[in-house]
Amino acid sequence: MSDALDEAVAAQAAWMEDLLVELVAAPTVLGAEEAGQAVMARAFADCGLDPVDVPLDARALRADPHASPFSWDVAGKRNVVATWAGEDPDRGRSLVLNGHVDVVPPAAADLWTGDPFVPRRDGDWLYGRGAGDMKAGLVAMTGAVRALRASGVRLRGDLHLQSVVEEECTGNGTLACLLAGHGDGADAAVLTEPHPDHLTLAQVGVLWFHVDVRGVPAHAARAAALGRNAFDAAGRILDALRGLEGELNAERHAHAWYRDHEHPIALNPGVVGAGDWTSTVPAACTLSCRLGLYPGQDPAAIMARVETTVARAAASDPFLVARPPVVRYDGFRCEGSVVDEDEPLVRALSAAYAGVHGTPPALQATTATTDARHFVRRGTPAVCFGPRAEEIHGIDERVSCASMVETARVLARFVRTWCGETTEVRAGARTGGETDGNS
Ligand SMILES: [Zn+2]
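Residues numbered from 1 in each chain as written. Predicted model: local features only at pLDDT ≥ 70, side-chain atom pairs only at ≥ 80, totals over all residues. Heavy atoms only, no water.

### Regarding the nonpolar core
Okay, so step 1: Grouped together as the largest cluster of nonpolar side chains are 76 residues, with contacts concentrated most on L20, L95, L97, V190 and F414.
Okay, so step 2: Contacts of F414, omitting those with residues within four sequence positions, involve L95, V190, L345, A348, L349, A352 and C419.
Okay, so step 3: Membership of the second largest hydrophobic core comes to 37 residues, among which are V204, C285, C289 and A314. (Core = buried A, V, L, I, M, F, W, Y, C linked by side-chain atoms within 4.5 Å. Buried < 20%, exposed > 50% of the residue type's maximum accessible area, 1.4 Å probe, protein only. Contact = heavy atoms within 4.5 Å.)

### Some remarks on the sheet that holds strand β12 (residues 326–334)
Okay, so step 1: Strand order across the open sheet formed by four strands is β10-β11-β9-β12, with antiparallel pairing between neighbours. Single-partner strands in this sheet number two, and they are β10 (267–274) and β12. Averaged over all pairs of adjacent strands, the angle between strand axes in this sheet comes to 15 degrees, irrespective of strand direction.
Okay, so step 2: In the sheet, β10 pairs with strand β11 (residues 284–293) via seven bridges, with the strands oriented antiparallel. Looking across to β11, one finds that V272 is bridged to L287. (Pairing = 2+ DSSP bridges. Helix = DSSP H or I, 4+ residues; strand = E, 2+ residues; numbered from the N terminus. Axes fitted to C-alpha atoms, helices over the stretch in contact; angles between N-to-C directions.)

### Describing the coordination of the zinc ion
Okay, so step 1: Coordination of the zinc ion by the protein comes from H100 (NE2), D133 (OD) and E193 (OE), over a distance range of 1.9 to 2.1 Å.
Okay, so step 2: For the zinc ion, the single-chain donor residues occur in sequence as H-x32-D-x59-E. Of this pair, H100 sits in strand β3 (residues 95–100) while D133 sits in helix α5 (residues 131–150); the two residues are 33 residues apart in sequence, bridging distant segments of the chain. The exposure classification of H100 matches that of D133, with both residues buried. (Donors = N, O, S within 2.8 Å, 3.2 Å for Na, K, Ca; no water.)

### So, the sheet that holds strand β5 (residues 125–127)
Two modes of strand pairing occur in sheets, parallel and antiparallel, and in both the strands are linked by backbone hydrogen bonds.
Okay, so step 1: Ordered in space as β4-β5-β17-β16, the four strands form an open sheet in which the pairing is antiparallel. Both outer strands of the open sheet, β4 (120–122) and β16 (389–390), are each paired with one neighbouring strand and no more.
Okay, so step 2: Here β4 runs beside β5; their pairing, made up of three bridges, is antiparallel. The partner of R120 across the bridge, within β5, is Y127.
Okay, so step 3: Strand contacts of helix α2 (residues 13–24): β4, β5 and β17 (398–400), with the helix running at about 20 degrees to β5, the strand carrying the most contacts.

### Describing the domain arrangement of the protein
The extent of an interface is frequently quoted as the accessible surface area lost upon association of the parts.
Okay, so step 1: Assigned domains within the protein: domain 1 (2–203 + 337–419) and domain 2 (205–334).
Okay, so step 2: If you look at the interface, domain 1 gives 25 residues, while domain 2 gives 15 residues.
Okay, so step 3: Carbon and sulfur atoms make up 60% of the area that domain 1 and domain 2 hide from each other, which totals about 1500 Å².
Okay, so step 4: Looking at the side of domain 1 facing domain 2, the largest losses of area belong to P69, T367 and T369, adding up to 34% of the total buried there.
Okay, so step 5: At the boundary of domain 1 and domain 2, one finds zero salt bridges.
Okay, so step 6: On the surface where domain 1 and domain 2 come into contact, there are eight residue pairs in polar contact (both at pLDDT 80 or more).
Okay, so step 7: The set of elements that each furnish at least two residues to the side of domain 1 that touches domain 2 consists of β8 (198–203), β13 (337–338) and β14 (362–366).
Okay, so step 8: Split by residue class, the side of domain 1 that touches domain 2 holds eleven nonpolar, ten polar and four charged. (Domains from an automatic or database assignment. Buried area = accessible area lost by both parts, 1.4 Å probe. Salt bridge = Lys/Arg side-chain N within 4 Å of Asp/Glu carboxyl O. Polar contact = N/O pair within 3.5 Å; in protein donor to acceptor, adjacent residues only side chain to side chain. Nonpolar A, V, L, I, M, F, W, Y, C, P; charged D, E, K, R; others polar.)

### Remarks on unusual backbone geometry
Okay, so step 1: Going from D133 to M134, the amide bond is cis rather than trans, its omega being -10 degrees.
Okay, so step 2: Residue position: M134 is located in helix α5.
Okay, so step 3: Phi at E166 is positive, roughly 65 degrees, even though this residue is not glycine.
Okay, so step 4: Among the secondary structure elements, E166 is positioned in the loop between β6 (159–164) and α6 (172–179).
Okay, so step 5: Using a relative accessible area of 0% as the deciding quantity, one classes E166 as buried.
Okay, so step 6: Even without a glycine there, the phi angle at H393 is positive, about 65 degrees.
Okay, so step 7: By the element assignment, H393 lies in the loop between β16 and β17.

### A few points about the confidence of the model for the protein
Okay, so step 1: Averaged over every residue, the pLDDT of the protein is 95; the share at 70 or more is 97%.
Okay, so step 2: The low-confidence segment residues 429–439 (pLDDT under 50) makes seven contacts with residues lying over four places distant or belonging to another chain. (pLDDT = per-residue confidence, 0-100.)

### Remarks on helix α1 (residues 2–10)
Okay, so step 1: Taken together, the buried positions of α1 are L5, D6, A8 and V9. Down the axis of α1, the buried side of the element spans an arc of 160 degrees, and every buried residue falls inside it. Facing away from the buried surface of α1 by more than 90 degrees, the exposed residues are D3 and E7.
Okay, so step 2: Elements in contact with the buried residues of α1: α2, α5 and α13 (401–419). (Arc of directions from axis to C-beta.)

### A word on the environment of G420
Okay, so step 1: Structurally, G420 can be placed in the segment after α13.
Okay, so step 2: On the accessibility criterion, G420 (14% relative accessible area) is buried.
Okay, so step 3: Separated by 264 residues in sequence, G420 and R156 place their C-alpha atoms 5.1 Å apart.
Okay, so step 4: If we skip the residues at most four places from it in the chain, G420 touches R154, L155, R156 and V415.

And the structure:
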């Protein structure tokens with residue numbers, strides 16, 4: 001039975017690799033996700049499902065307390081979803097398979113071996129920005145569904161597919177799906193992020209904040225007498241924030257999933273902008289940072305600690321005391337989440353993994369965030385599991401095509417046992433082709 005399903009997945013391998021190449025060739029950075037969503041809509045249709053758009057509605061998102069703040073325009077953006085309706089939902093469980101189509105920028109395109117958005121195959125590796133994080137995951141979940149349908153499986157419970165935007169900056173894409181009712185209240189969710197050989201049960205929250213520091217511009221030649229350098233001042237703010245990072249990591253012992261991590265809470269000054277001329281003292285500097293927080297911590301509490309840290313640094317600095325920096329929020333503001341090891345989802349997905357690989361997967365925590373938190377907060381247990389990738393967010397990001405197909409094998413087995421399979425004769429088929437089963 002499983003052998004036949006494995007063969008059905010193997011038969012999709014070429015279709016899956018073609019889809020991966022097409023997706024990686026779509027440079028779906030923030031604001032340019034549509035090319036990838038068009039591909040995913042066709043892929044869902046190619047599984048015999050009806051793709052449905054879930055647009056991002058700025059007003060509806062901003063009205064939800066769990067949306068992350070955003071300053072950019074989301075008009076015209078869409079998630080693409082599809083539902084494979086179960087035939088006996090009372091006796092089957094529902095499931096969401098979720099992946100994000102958006103990718104982070106290449107970081108430094110000149111350091112890549114090739115163009116980050118021209119997919120390149122080398123042995124088992126497929127190179128390209130987003131190949132691992134997480135287009136191969138989107139492909140694996142879609143390939144699993146295509147294999148199940150091609151082999152004639154009929155599910156009892158509903159299966160929901162979601163290809164979402166904005167996972168890398170806000171998480172508002174998945175939130176929009178749930179607010180629209182798609183997959184909301186499902187019995188489980190699997191996010192096919194690049195988490196191979198383990199299921200991710202715990203994740204940190206993430207806060208994006210931006211510190212605006214002002215200076216006094218002057219000719220560089222008179223900098224000492226007349227200028228006040230905003231970039232230098234921002235450096236002193238960053239020193240203070242590094243102190244907060246140290247404090248937060250020292251608190252890891254109170255958090256079960258993270259006490260053995262050396263450095264679970266990372267402060268990343270990711271973007272710095274200052275000045276407009278090399279011979280002018282910069283008048284302004286903006287320091288854009290990402291900071292993690294433990295599951296169970298309220299993002300508001302971490303925001304308060306960031307603001308206090310910045311205010312204290314300013315109060316003890318003669319330059320900054322006269323020009324108090326401003327802390328703004330734009331992008332991620334989200335809590336962490338944890339799923340219990342005894343959840344039926346964890347046991348069933350582990351069993352499916354063991355059926356393919358021989359041994360059960362490890363159960364882990366990640367020091368990153370994913371959209372799993374939205375499901376968990378709304379009562380749907382959610383874990384991450386997916387293909388093997390290297391250098392995500394780095395140079396020469398790549399994904400193992402074999403692991404993508406193996407992920408699809410695990411998912412296909414899992415979907416069949418989780419949602420349940422019905423072999424009952426469809427109503428209407430009983431009387432030899434009568435289409436109205438209501439007789
Ligand atoms: Zn990801």
